[in-house]
Amino acid sequence: MSEETNVTETSTPGRTAENHGHEGRPYRKVREGLVVSDKMEKTVIVSVEDRVKHALYGKVLRRTSKLKAHDEQNQCGVGDRVRIQETRPLSATKRWRVVEVLEKAK
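Please read all numbers here as calculations on a predicted model, not as lab measurements. (Residues numbered from 1 in each chain as written. Predicted model: local features only at pLDDT ≥ 70, side-chain atom pairs only at ≥ 80, totals over all residues. Heavy atoms only, no water.)

Tallied over the full model, the rule gives seven salt bridges. Measuring nitrogen to oxygen at the nearest pair gives 3.0 Å for the salt bridge that ties Lys42 to Glu72. In this pair, Lys42 is assigned in the loop between strand S1 (30-40) and strand S2 (43-53) and Glu72 in the loop between strand S3 (60-70) and strand S4 (81-86), connecting sequence segments 30 residues apart. Of the residues examined, Glu72 reaches a relative accessible area of 42% and is grouped as partly exposed. The salt bridge involving Arg83 is made with Glu100; its shortest N-O contact spans 2.3 Å. Of the two residues, Arg83 is situated in strand S4 and Glu100 in strand S5 (residues 96-103); the sequence distance between them amounts to 17 residues. Take Arg83: its relative accessible area is 25%, and that puts it in the partly exposed class. We classify Glu100 as partly exposed; its relative accessible area is 33%. (Salt bridge = Lys/Arg side-chain N within 4 Å of Asp/Glu carboxyl O. Helix = DSSP H or I, 4+ residues; strand = E, 2+ residues; numbered from the N terminus. Buried < 20%, exposed > 50% of the residue type's maximum accessible area, 1.4 Å probe, protein only.)

Next up, the structure:
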């Protein structure tokens, strides 16, 4: 009798194809924010708001972070609401790319 060994998963825990999206790639973070600057070539600065509860007092705080995102067609303007997605490092500070423009500024 011969035994068949089924080796389909990697031995690294937490990095299997079931936990992730396509081709075993980890899910990428997606954020929504407002474009605060579009003065660079193919780059926009997006202000992303995060609401966190204070650990001791329970008050809901608004924390904002500015992220640089790649805008290939230079389609974003100041005040636009955009959806950005995490990606590989594109420059020293740029790790996000614009997926879609949700709302143009008025």
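Read on for the rest.
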